[in-house]
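Overview (structure and organization)
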Number of protein chains: 4
Amino acid sequence: MKTRDKIILAALELFNESGEPNITTNHIAAHLGISPGNLYYHFRNKEEIIHSIFDQYAHDLSIHFQPLEHQQITADDLLVYLDSVFMLMWRYRFFYANLPDILQRDPELQQKYLAAQEGLHKDIMAMMASFRSGGLLDIEEEELENLATTLKLVASSWISYQTTQAPGAKITKAVLYQGVLHILGIVRPLTTAEGKAQVLQLKAHYRAQIEKEA
Amino acid sequence: MKTRDKIILAALELFNESGEPNITTNHIAAHLGISPGNLYYHFRNKEEIIHSIFDQYAHDLSIHFQPLEHQQITADDLLVYLDSVFMLMWRYRFFYANLPDILQRDPELQQKYLAAQEGLHKDIMAMMASFRSGGLLDIEEEELENLATTLKLVASSWISYQTTQAPGAKITKAVLYQGVLHILGIVRPLTTAEGKAQVLQLKAHYRAQIEKEA
Amino acid sequence: MKTRDKIILAALELFNESGEPNITTNHIAAHLGISPGNLYYHFRNKEEIIHSIFDQYAHDLSIHFQPLEHQQITADDLLVYLDSVFMLMWRYRFFYANLPDILQRDPELQQKYLAAQEGLHKDIMAMMASFRSGGLLDIEEEELENLATTLKLVASSWISYQTTQAPGAKITKAVLYQGVLHILGIVRPLTTAEGKAQVLQLKAHYRAQIEKEA
Amino acid sequence: MKTRDKIILAALELFNESGEPNITTNHIAAHLGISPGNLYYHFRNKEEIIHSIFDQYAHDLSIHFQPLEHQQITADDLLVYLDSVFMLMWRYRFFYANLPDILQRDPELQQKYLAAQEGLHKDIMAMMASFRSGGLLDIEEEELENLATTLKLVASSWISYQTTQAPGAKITKAVLYQGVLHILGIVRPLTTAEGKAQVLQLKAHYRAQIEKEA
DNA sequence: TATGAATGAGAATTCATTCAT
DNA sequence: GATGAATGAATTCTCATTCAT
């Protein structure tokens, strides 16, 4: 692996562990056993490292979320989707813990972030619309937008929220799966009978995952 | 006003404006035209200022949220409640933008925060239960908990979320009212016919508020 | 007791406990429950407090050490003398722990200190000379000076020396009595047979004191 | 010379000149014409600088004081020994002026200091025992311990004592040699005739040294 | 006499960043 | 590509001292 990539990886790891504001560029270099000068040979500044991490995140995002618009979406698709979303949030969780501060400093990152968010929003809208037209969701069309925003907001706040609730607790996969369960719980009251069955099936799946982790 | 209170106020103002990590104790002192020594005469350290701001927040909270458990809760009660919640979140918005970091540093604050959260959760649960037993909400009992958490999470993430969505936009009251509207939108699909009428009425109220602000 | 005197007393107490450089004027005021302003009403600055403590020390010294030059000095006189010396050193022990620094800052104090030292030196010289002429000490006259200096040096360094030897140990009276024993141990090899008897008697006395303290 | 060593040297110099509590890390950096940041690149904090100075002192000590236990010790050995002791005390004199305070702050240094002291004590005991068995010292065995402690105490307090005696006087080599003379004066009355001759010879040597310096 | 808020210089330390090699 | 010493502005915090009341 190239040094540049090693730096990105180490930074991500350390940021996730201790929070971006608590990790200095020297920490990153020391963690890799390279000199600070070398780090600055590959990156103009700390911001650029964060930028690169975000680019990687956006890349991961684009790989996992191919447009699903045309086809009929199944519960299995949703499962794959939720898995991916939460796994990405897990991989880049430091990001979610400091989003306002990080974005405020860096308008360019803001733009990129918004673009990514828009993609996500479209994805979710497409899925929900598909579920609705497929007779799984019993919800008025004008309420779709609101639902999509809620889901996005809950998903993207989940880790941060858990951090604030449990004093020094580590965020584990089980916590993420609980997030998925929570999201399914939001959708559940809005389903048709058929939809309810599928949601309950998904919930069972994630409950089993949580058991496995324990 | 006492200098101690002026410091709390100035800190709150500056934190809200620029984010707590970007405001130093010297900034606060300079903003007030006092010496750093004077600031440290009134507060042992920066943490204690944040602590005091939180105490004020908790105090405001306790004033606005008297237990409503015994009586039948009306839509007007909910309106008052939502108004208060969002107004408080507005007054102490820096807090919500950095919660994980702020709490991580200060275990004592964690405790206080959790206690306050518990109170909020009980309030929301009581209201939702009342709406349900009053025939306004059509939702299974075991889903109440999930709903309450969703509402709390959405409410407490709203400002932070908006900050990330709108590049450098100032958070205005209109933005807060949109948060209320969003929350009502979450509840709407779960209402009975009677409940729906009341929710729509509330939504109309808040849309009018937004118009006024514009 | 007047405030001024209370300040001197409190300062002495705190200095002895924690070392003069570690005690601020605010500590002293807080300890007495008075305001810093009040403290500075009675003393121009911290130095003046130290000065006043020294004056008290010098005063104590002058009371305890009346010139003994004319009469024949007995072992009992020596006992009284040693008791007094070590008790004074105990009362003002912070002073001995920081002497070079304290005197360096304050030339006037230097002068006073030297004057006091001179008195002490004369006292010791007089005693030793008396012991010698009384046939208790077997020592050449030109060695008297050296002996007196040694005794003074050992006495005044004793507390400081013990502090450096025993990590965090409190200086107790027993430690002081050991200092006396040490001094007697210096004199012992220089005594005549008669002198030896008296020294041994004194040593027995102080050993008993140490037992009592334990 | 490496910057790290320059810092140690400059700190030692300034500490000796003005007292450790009066020299800040900024003073040291300014004295060397380097930035405070650079100083902190080489040392974590001020304490670590003092630590390093002590390590150097301990190193010097170990070089100069090879165990002399096995052989018969001569007056020349003593001369070399005294020369070394006082030269070291001169090189690190700031240390001796603030020992109680410095050691109190830093328990690790305490340990190191005690270890060094123990070595010194053994050295002195070995020399005195050798002189005694060699028929130079006329002293009872149980008084050896007391004598060793006295010598150590007088030696280690000498500079500090002189500082308090002579107002603003610089500590010169002559002052150190007077310390040696004083120590010889303590031993003198305890010698046999043969020992006396050797002590007087040593004293003559040091008196000559003082003359040279003047 | 006494209060207690206020001052301001300066202490130790941090950290993103630069630069000669 | 890489090193690591060096920078310097900034940050938190301290404390002897002043001063209006």
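Keep in mind it's a predicted model, so treat the numbers as computed, not measured. (Residues numbered from 1 in each chain as written. Chains lettered and ligands numbered in written order. Predicted model: local features only at pLDDT ≥ 70, side-chain atom pairs only at ≥ 80, totals over all residues. Heavy atoms only, no water.)

1. Topic: the overall build of chain A
The line we're drawing: Helical segments are the DSSP runs of H or I of at least four residues, strand segments are the runs of E of at least two, and each set is numbered from the N terminus. Note that accessible areas follow from Shrake-Rupley with a 1.4 Å probe, and for residues the cover is restricted to the protein chains shown. Charge assignment in this entry is limited to Lys and Arg as positive and Asp and Glu as negative, and neither His nor the chain termini are counted. In this description, the location of a charge corresponds to atom NZ of lysine, CZ of arginine, CG of aspartate or CD of glutamate.
Tallying secondary structure elements over chain A gives 11 helices and zero strands in all. Counting from the amino terminus, helix and strand elements in chain A follow one another as α-α-α-α-α-α-α-α-α-α-α. C-alpha extents for chain A along the principal axes are approximately 60 × 35 × 30 Å. Per element, the accessible surface of chain A, about 9,900 Å² overall, is 53% carbon and sulfur. Seen as two clouds, the 19 positive and the 26 negative side-chain charges of chain A have centres 7 Å apart.

2. A few points about helix H1 (residues 3-18) of chain D
Residues and elements named next belong to chain D. Counted only if it meets this: A helix is expected to span 1.5 Å for every residue after the first. Burial here depends on accessible area, computed with a 1.4 Å probe over protein chains only, as a share of the maximum for the residue type. Under 20% is buried, over 50% is exposed, and the range in between is partly exposed. In this analysis, two residues are considered to be in contact whenever any of their non-hydrogen atoms come within 4.5 Å of each other.
The terminal C-alpha atoms of H1 lie 22 Å apart, and with 16 residues this matches the ideal 22 Å at 1.5 Å per residue to within 8%. Every buried residue belonging to H1 is among Ile7, Ile8, Ala10, Ala11, Leu12, Leu14, Phe15 and Asn16, and all of these are buried. Tucked into the core, H1 has its buried residues touching helix H2 (25-32), helix H3 (36-42), helix H4 (46-64), helix H5 (75-91) and helix H6 (93-97). Glycine 19 sits one or two residues past H1 and shows a positive phi near 90°.

3. Re the protein's contact with DNA strand F
Operational definition: Nearness of a residue to a molecule or strand requires only that one of the residue's heavy atoms be within 4 Å of it. In protein, a polar contact means a hydrogen-donor-capable atom and an acceptor-capable atom, both N or O and within 3.5 Å, with residues adjacent in sequence counting only if both atoms are side-chain atoms; elsewhere, any N or O pair within 3.5 Å suffices.
Neighbouring DNA strand F are 28 residues, the closest being Gly37 and Asn38 of chain A together with Asn38, Tyr41 and His42 of chain D. A share of 66% of the atoms of DNA strand F within 4 Å of the protein falls on sugar and phosphate groups. Note that a phosphate oxygen of DNA strand F is positioned 2.2 Å from one of the side-chain N or O atoms of tyrosine 41 of chain D. Of all the secondary-structure elements, those providing two or more residues to the surface near DNA strand F are helix H3 (36-42) of chain A, helix H2 (25-32) and helix H3 (36-42) of chain B, helix H3 (36-42) of chain C together with H3 of chain D.

4. Details of the protein's contact with DNA strand E
Taken together, 27 residues are adjacent to DNA strand E, and Thr3, Asn38, Tyr41 and His42 of chain B together with Gly37 of chain C come closest. Counting only atoms of DNA strand E within 4 Å of the protein, the fraction found in sugar and phosphate groups is 65%. At a separation of 3.0 Å, a phosphate oxygen of DNA strand E approaches a polar backbone atom of lysine 46 of chain A. Interatomic distance of 2.9 Å between a backbone N/O atom of serine 35 of chain B and a phosphate oxygen of DNA strand E. Ranked by the residues each element gives to the surface near DNA strand E, the list is headed by H3 of chain C, at five residues.

5. Description of the packing of aromatic side chains
Inclusion rule: Pairing of aromatic rings covers Phe, Tyr and Trp, the last counted by its six-membered ring, and requires centre-to-centre distances within 6.5 Å; plane angles under 30 degrees mean stacked, over 60 mean edge-to-face, and any other angle means tilted. Definition used: whenever NZ (Lys) or CZ (Arg) falls within 6 Å of the ring centre and also within 35 degrees of the ring normal, the charge is taken to sit over that ring.
For the structure shown, the criterion picks out 40 aromatic pairs over all chains. When the ring of tyrosine 57 of chain C is compared with that of tyrosine 96 of chain C, the centres are 6.3 Å apart and the planes differ by 85°; the resulting orientation is edge-to-face. With tyrosine 57 of chain C in helix H4 (residues 46-64) and tyrosine 96 of chain C in helix H6 (residues 93-97), the pair connects residues that are 39 residues apart, well separated along the chain. The exposure class of tyrosine 96 of chain C is buried, given its relative accessible area of 7%. Measuring from ring centre to ring centre gives 6.2 Å for tryptophan 158 of chain C and tyrosine 161 of chain C, while their planes differ by 40°; the resulting arrangement is tilted. Taken together, the residues span about one helical turn, with tryptophan 158 of chain C and tyrosine 161 of chain C both in helix H9 (residues 144-165) at a distance of three residues. The same class applies to tryptophan 158 of chain C as to tyrosine 161 of chain C, namely buried. Of note, arginine 93 of chain A hangs over the ring of tryptophan 90 of chain A, and the distance from its end group to the ring centre comes to 3.7 Å.

6. Some points on the relation of the copies chain A and chain B
This is how it is decided: A least-squares superposition brings the copies together, and it is based on the C-alpha atoms of residues with pLDDT no lower than 70 in both.
In screw terms, the move from chain A to chain B is a rotation of 179° and a rise of 0.0 Å along the axis, fitting with an RMSD of 0.2 Å. Both chain copies can therefore be described as sitting about a two-fold axis. Both copies contact each other with a shared surface, as 98% of the interface residues of chain A are interface residues in chain B too.

7. Here's the deal with the arrangement of the chains
Regarding chain A and chain D, the two do not touch, and the least distance separating their C-alpha atoms is 12 Å. Considering only C-alpha positions, the minimal separation of the non-contacting chain B and chain D is 20 Å.

8. Looking at H4 of chain D
The end-to-end C-alpha separation of H4 of chain D is 27 Å, in line with the 27 Å expected for 19 residues at 1.5 Å each. Taken residue by residue, H4 of chain D has Lys46, Ile49, Ile50, His51, Ser52, Ile53, Phe54, Tyr57, Asp60 and Leu61 of chain D as its buried positions.

9. Let's talk about the nonpolar core
Spelled out, the test is: The nonpolar core is taken to be a set of buried Ala, Val, Leu, Ile, Met, Phe, Trp, Tyr and Cys residues, with the residues joined through side-chain atoms within 4.5 Å.
One finds Ile28 and Phe95 of chain A together with Ile28 and Phe95 of chain B to be the most contacted residues of the largest nonpolar core, which totals 149 residues. Apart from residues lying up to four places away in sequence, phenylalanine 95 of chain A is in contact with Ile50, Phe54, Ile102, Leu109 and Tyr113 of chain A.

10. Examining the domain arrangement of chain A
Residues and elements named next belong to chain A. To be explicit about the condition: For each domain, the first and last residues come from an automatic or database assignment. A quick way to say it: buried area is the sum, across both parts, of accessible area lost when two parts are put together, with a 1.4 Å probe. Should a side-chain nitrogen of Lys or Arg be within 4 Å of a carboxyl oxygen of Asp or Glu, the pair is scored as a salt bridge.
Each domain of chain A was delimited in the assignment, giving domain 1 (1-44) and domain 2 (49-213). Between domain 1 and domain 2, the C-alpha centre-to-centre distance is 29 Å. At the junction of the two partners, domain 1 supplies 12 residues and domain 2 supplies 13 residues. Both sides together, the interface formed by domain 1 and domain 2 hides about 1,100 Å², and carbon and sulfur atoms give 65% of it. Looking only at domain 1, the three residues that lose the most surface to domain 2 are Leu12, Asn16 and Glu20, adding up to 47% of its buried area. Between glutamate 20 and arginine 105 there is a salt bridge, with its nearest N and O atoms 2.8 Å apart. Taken together, the links from domain 1 to domain 2 amount to five residue pairs in polar contact (both at pLDDT 80 or more).

11. Observations concerning the interface of chain C and chain D
Contact residues are listed per partner, giving 40 residues for chain C and 39 residues for chain D. On inspection of chain C and its partner chain D, the count reaches six salt bridges. For glutamate 140 of chain C, the salt bridge identified is with arginine 188 of chain D, shortest N-O distance 3.5 Å. At the boundary of chain C and chain D, one finds 11 residue pairs in polar contact (both at pLDDT 80 or more).

12. Here we look at the packing of H5 of chain D against helix H11 (residues 193-213) of chain D
When two helices pack together, you describe them by how their axes are tilted relative to each other and by the distance separating the axes. Residue and element names in this part refer to chain D. Applicable threshold: With axes taken as lines fitted to C-alpha atoms, and helix axes fitted only over the stretch in contact, angles between N-to-C directions fall between 0 and 180 degrees. Any angle that falls under 35 degrees is termed roughly parallel, while one over 145 is termed roughly antiparallel, one within 65 to 115 roughly perpendicular, and all others oblique. For any helix crossing, the convention is left-handed if the near helix is rotated counterclockwise from the far helix by under a right angle, and right-handed if that rotation is clockwise. Note on residue categories: nonpolar means Ala, Val, Leu, Ile, Met, Phe, Trp, Tyr, Cys or Pro, charged means Asp, Glu, Lys or Arg, and polar means any other residue, Gly included.
Where H5 meets H11, the axes come as close as 10 Å, and the angle between the chain directions of the two elements is 40°. One finds that H5 runs oblique with respect to H11. For the pair H5 and H11, the sense of crossing is right-handed. For the pair formed by H5 and H11, the contact residues are Ala75, Leu78, Leu79, Leu82 and Asp83 on the first element and Gln198, Leu202, His205 and Tyr206 on the second. Among the residues making up the contact of H5 with H11, the classes are represented as six nonpolar, two polar and one charged.

13. Examining the UniProt feature "domain: HTH tetR-type" (unreviewed entry) in chain A
To keep it simple, the criterion reads: UniProt positions are given in the numbering used here, feature names are shortened, and annotations may be inferred rather than shown by experiment.
The positions that UniProt labels "domain: HTH tetR-type" (unreviewed entry) are, in the present scheme, residues 1-61 of chain A. In residues 1-61 of chain A, the share of helix is 77% and the share of strand is 0%. The end C-alpha atoms are 22 Å apart.

14. Re the relation of the copies chain C and chain D
With an RMSD of 0.3 Å, the fit of chain C onto chain D corresponds to turning through 179° and sliding 0.0 Å along the axis. Taken as a fraction of all interface residues of chain C, those also at the interface in chain D reach 98%, which identifies the copy contact as same-surface.

15. What about the packing of helix H10 (residues 173-187) of chain D against H11 of chain D?
Residue and element names in this part refer to chain D. With their axes 9 Å apart at the nearest point, H10 and H11 run at an angle of 165° to one another. For the element pair H10 / H11, the angle class is roughly antiparallel. Our pair here, H10 against H11, has a crossing hand that is left-handed. Across the interface between the two elements, Lys173, Ala174, Tyr177, Gln178, Val180, Leu181, Leu184 and Gly185 from H10 touch Val199, Leu202, Lys203, Tyr206, Arg207, Gln209, Ile210 and Glu213 from H11. Considering only residue class, the contact of H10 with H11 consists of nine nonpolar, three polar and four charged.

16. Let's talk about the UniProt feature "DNA-binding region" (unreviewed entry) in chain A
UniProt annotation of "DNA-binding region" (unreviewed entry) refers to residues 24-43 of chain A when read in the numbering used here. Span residues 24-43 of chain A is 75% helix and 0% strand, its end C-alpha atoms 14 Å apart.

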